[in-house]
Every structure is written in C-alpha cells, then in structure tokens.
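The primary structure of each chain is shown beneath.
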Amino acid sequence: MSWKETINEETKAEALTQDFKFKDFVSAWAFMNKVALLAEKVDHHPDWSNSYNKVSISLSTHSAGDKITSKDRELAGQIDALS
C-alpha cells in the first residue's frame, strides 16, 4: 500500500492519506487500537474514520500549518509496518 499526498484546493492543507481494508470489523478495530497506541507513543495523532472493515487515515502536522512533515512520513512508515 502506498500513501497519497493530497492538497485541499480551498485551504491548501496538505495530508498523507491511505485507506486500509480488513476482513471484518474486529480486525479493523484491532488495527486502529495498534495505531492509537503508536500515535500516542510518538505524540502525533491521525485524523481517521472507520466504517465496518475499512479504516481511512489522514496525517498532517497541524502545528506546521497543516503541512506534511517528517513526523507524518515517519508515522506513516510505522503504520505500514503494522498492516
């Protein structure tokens, strides 16, 4: 899987985004729990959503003006290692 760099045309906010799909809701939730613990450890929290077996994650550094920074790229790599 690969992260996509996105830019909101109106706000110019940047983000790394990726959608993950799992076999069922419990598997998706277990993944979210792992990501939550990882995000808390590195003090960098994603924007995300969950619908049944799908998890969508968006990473952006709000303190840098909603830009993609090394914090986002590092967390994306760590999330990839979980999936």
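Only a predicted model underlies this, so the values are computations on that prediction, with no experimental measurement involved. (Residues numbered from 1 in each chain as written. Predicted model: local features only at pLDDT ≥ 70, side-chain atom pairs only at ≥ 80, totals over all residues. Heavy atoms only, no water.)

Scanning all chains against the criterion turns up four aromatic pairs. With a centroid separation of 4.9 Å and 45° between ring planes, the pair formed by Phe-20 and Phe-31 is classed as tilted. Of the two residues, Phe-20 sits in strand β2 (residues 14-21) while Phe-31 sits in helix α1 (residues 25-42), which places them 11 residues apart along the sequence. Across the pair, Phe-31 and Phe-20 agree in class, each one buried. Between Phe-25 and Trp-29 the ring centres are 5.7 Å apart and the planes differ by 35°, which places this aromatic pair in the tilted class. Here Phe-25 and its partner Trp-29 are both found in helix α1, four residues apart, which amounts to about one turn of the helix. A relative accessible area of 35% means that Phe-25 is categorised as partly exposed. Residue Trp-29 is classed as partly exposed on the basis of its relative accessible area of 43%. (Phe/Tyr/Trp six-rings, centres within 6.5 Å; stacked < 30°, edge-to-face > 60°. Helix = DSSP H or I, 4+ residues; strand = E, 2+ residues; numbered from the N terminus. Buried < 20%, exposed > 50% of the residue type's maximum accessible area, 1.4 Å probe, protein only.)

Quick look at the packing of α1 against helix α2 (residues 70-82) now. When two helices pack together, you describe them by how their axes are tilted relative to each other and by the distance separating the axes. Packing of α1 against α2 leaves a shortest axis separation of 10 Å and a crossing angle of 150°. Crossing hand, α1 versus α2: right-handed. The residues of α2 that touch α1, namely those facing Phe-31, Lys-34, Val-35, Leu-38 and Val-42, are Leu-75, Gln-78, Ile-79 and Leu-82. Considering only residue class, the contact of α1 with α2 consists of seven nonpolar, one polar and one charged. (Axes fitted to C-alpha atoms, helices over the stretch in contact; angles between N-to-C directions. Left-handed = near helix turned anticlockwise from the far one by under 90°. Contact = heavy atoms within 4.5 Å. Nonpolar A, V, L, I, M, F, W, Y, C, P; charged D, E, K, R; others polar.)

It is worth spelling out the pattern of salt bridges at this point. Across all of its chains, the model carries two salt bridges by this definition. Put simply, Lys-12 and Glu-9 hold a salt bridge, and the shortest N to O gap is 3.9 Å. (Salt bridge = Lys/Arg side-chain N within 4 Å of Asp/Glu carboxyl O.)

So, on to the sheet that holds β2. The strand order across the open sheet built from four strands is β1-β2-β4-β3, with neighbouring strands paired in antiparallel fashion. A single partner strand is all that each edge strand has here, and the edge strands are β1 (4-7) and β3 (47-51). The mean inter-strand angle of the sheet, taken between neighbouring strand axes irrespective of direction, is 25°. Inspection of the sheet shows β3 paired to strand β4 (residues 54-59) by five bridges, in the antiparallel sense. Note on β4: the bridge partner recorded for Asp-47 is Ser-58. Docked against the sheet, α1 engages β2, β3 and β4, running at close to 165° with respect to β3. Sheet strands in contact with α2 are β1, β2 and β4, and its direction is about 5° off that of β2. (Pairing = 2+ DSSP bridges.)

Once that is clear, we can look at the nonpolar core. Ranked by internal contacts, the top residues of the largest apolar core, which has 16 residues, are Trp-3, Phe-20, Phe-31, Val-55, Ile-57, Leu-59 and Ile-79. The element that contributes the greatest number of residues to this core is α1, accounting for five residues. Apart from residues lying up to four places away in sequence, Val-55 is in contact with Gln-18, Asp-19, Phe-20, Phe-22, Ala-28, Phe-31, Met-32, Ser-49 and Asn-50. (Core = buried A, V, L, I, M, F, W, Y, C linked by side-chain atoms within 4.5 Å.)

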